[in-house]
Amino acid sequence: MTLQRLRPFLLALAASSLCLCAAAQNFELAGQWRSAKWTPGSWNGMHRLPQVYCLTFPAAGTVMGTGHGFYNKGGIYLTQVLYPDRVVASIVASTIPAGRSASEEISRLLATETQAEAAYGVSYNITQGETAFGATVSLRIKDVAPESRGGPFPLVRALIRPAKAPIETLSVHRLFARGSNRFEVATFQMAPEGANAGTEAAMTERLAGLADGIVRSLQECTASMPAVVRQ
């Protein structure tokens, strides 16, 4: 099943969502969304946005589908990879405004996410850390919708209200910057049927491991590219 074929289900789920985004914004596809279906073991996991990033996705042999496209007049590039058990990994790449350093951008993102954490409450958790590209903001969001009227996840993070107890979905995020580019790696999973009190912990472990694997591969591969800084 391709990501594109998942859209009717995702839209139905998102219809019950409530956007609590710190700064509401609409995201429109610029050009064509390109998707592909993969049989087990047929994809090598390699993906590249020229002069911006490259990586090999973890567990590529299990991947069921991929999709990618540009949004908002080409200023944002979204890649999505569909794994078994309704797990989706996403990478968002966009450009930092001229004159702003990567460290300044991370400080801005941290301030924005802190505001969002206050709005979302217990469904939204933020931590700070370090990766090979420096300061990194980590997020864990419970019951986030995979899509909303404003655009797809993770460009828009809308909460599902009301959500099924004890959990309906979970996402894990890593935000970092290099040169004039900012990145968000996000992993998402819909809870399995019969979710119980331990389901959230198991989902968190799986999604965090996948997100960190993507970050490591992306940063190792991208480090071989020159970091472009806009003046």
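Residues numbered from 1 in each chain as written. Predicted model: local features only at pLDDT ≥ 70, side-chain atom pairs only at ≥ 80, totals over all residues. Heavy atoms only, no water.

**Points about the overall build of the protein chain**
Point 1. Within the protein chain, the regular secondary structure consists of three helices and 14 strands.
Point 2. Per-residue burial over the protein chain gives 49% buried out of 231 residues.
Point 3. Considering only intrachain contacts with a sequence separation of at least 6, the fraction spanning at least 24 residues in the protein chain is 66%.
Point 4. Here the protein chain displays about 10,900 Å² of accessible surface, and carbon together with sulfur accounts for 55% of that area. (Helix = DSSP H or I, 4+ residues; strand = E, 2+ residues; numbered from the N terminus. Buried < 20%, exposed > 50% of the residue type's maximum accessible area, 1.4 Å probe, protein only. Contact = heavy atoms within 4.5 Å. Areas by Shrake-Rupley, 256 points an atom, 1.4 Å probe, with all protein chains shown as cover.)

**Here we look at the environment of phenylalanine 133**
Point 1. Positionally, phenylalanine 133 belongs in the loop between β8 (124-131) and β9 (134-142).
Point 2. Here phenylalanine 133 falls in the buried class, since its relative accessible area comes to 16%.
Point 3. Distance from phenylalanine 133 to arginine 178, taken between C-alpha atoms, is 6.3 Å for residues 45 residues apart in sequence.
Point 4. In contact with phenylalanine 133, other than residues within four places in its own chain, are Phe176, Ala177, Arg178, Leu218, Gln219, Thr222 and Ala223.

**Some thoughts on the packing of aromatic side chains**
Each aromatic ring pair is summarised here by two numbers: the centre-to-centre distance and the angle between the ring planes.
Point 1. Tallying each qualifying case throughout the model produces 10 aromatic pairs.
Point 2. Each ring, one from phenylalanine 70 and one from tyrosine 77, has its centre 4.8 Å from the other, and the planes form 50°; the classification is tilted.
Point 3. Since its relative accessible area comes to 33%, phenylalanine 70 is described here as partly exposed.
Point 4. For the pair phenylalanine 153 and phenylalanine 188, a centre-to-centre distance of 5.3 Å together with 50° between the ring planes defines the contact as tilted. On the criterion of sequence distance, the pair formed by phenylalanine 153 in the loop between β11 (151-152) and β12 (158-160) and phenylalanine 188 in strand β14 (residues 181-190) is long-range, its members being 35 residues apart. (Phe/Tyr/Trp six-rings, centres within 6.5 Å; stacked < 30°, edge-to-face > 60°.)

**Observations concerning the pattern of salt bridges**
Point 1. By the definition in use, this model includes nine salt bridges.
Point 2. Arginine 206 is paired through a salt bridge with aspartate 85; the nearest N and O atoms lie 2.9 Å apart. Within this pair, whereas arginine 206 is found in helix α3 (residues 199-222), its partner aspartate 85 is found in the loop between β6 (76-83) and β7 (87-95), the two being separated by 121 residues in sequence.
Point 3. Here glutamate 105 ties to arginine 100 by a salt bridge, and the two come within 2.6 Å at their closest N and O atoms.
Point 4. Salt bridges here are not isolated pairs; linked through shared partners, they connect Arg100, Glu105, Arg108 and Arg182. (Salt bridge = Lys/Arg side-chain N within 4 Å of Asp/Glu carboxyl O.)

**A few points about the pairing of strand β4 (residues 53-56)**
Point 1. In this sheet, β4 lies alongside strand β3 (residues 46-49) in antiparallel orientation, the contact comprising four bridges. If you follow histidine 47 over to β4, its bridge partner there is leucine 55.
Point 2. A loop of three residues connects β3 with β4, the two strands running antiparallel in sequence, and glutamine 51 in this loop sits at a positive phi of about 65°. (Pairing = 2+ DSSP bridges.)

**Let's talk about the side chain of threonine 199**
Point 1. If you trace the backbone, threonine 199 turns up in helix α3.
Point 2. When its relative accessible area of 10% is taken as the criterion, threonine 199 is described as buried.

**Some thoughts on empty space enclosed by the protein**
Point 1. A full pass over the atoms with the stated rule returns one cavity of 30 Å³ or more.
Point 2. By volume, the largest cavity is sized at about 50 Å³.
Point 3. Residues of the lining of the largest cavity, tallied by class, amount to five nonpolar, three polar and one charged. (1 Å grid on protein atoms, 1.4 Å probe; cavity = no way out; pocket = protein on both sides within 12 Å on 5 of 7 lines; lining within 4 Å. Points joined across faces, edges and corners; volume = space filled by probe spheres on them. Nonpolar A, V, L, I, M, F, W, Y, C, P; charged D, E, K, R; others polar.)

**Observations regarding the sheet that holds β9**
Point 1. Taken in spatial order, the eight strands of this open sheet run β2-β5-β6-β7-β14-β13-β9-β8, and their pairing is antiparallel. Across the chains shown, the open sheet's two edge strands, defined by having one partner strand only, are β2 (29-37) and β8. On average, adjacent strands in this sheet sit at an angle of 15° to one another, irrespective of strand direction.
Point 2. In terms of strand pairing, β2 meets strand β5 (residues 65-71) through six bridges, oriented antiparallel. The residue of β5 that forms the bridge with serine 35 is glycine 67.
Point 3. Where helix α2 (residues 102-120) meets the sheet, it contacts β8, β9, β13 (169-178) and β14, and its direction lies at approximately 160° from that of β8. (Axes fitted to C-alpha atoms, helices over the stretch in contact; angles between N-to-C directions.)

None of this, on its own, says anything about what the molecule does.
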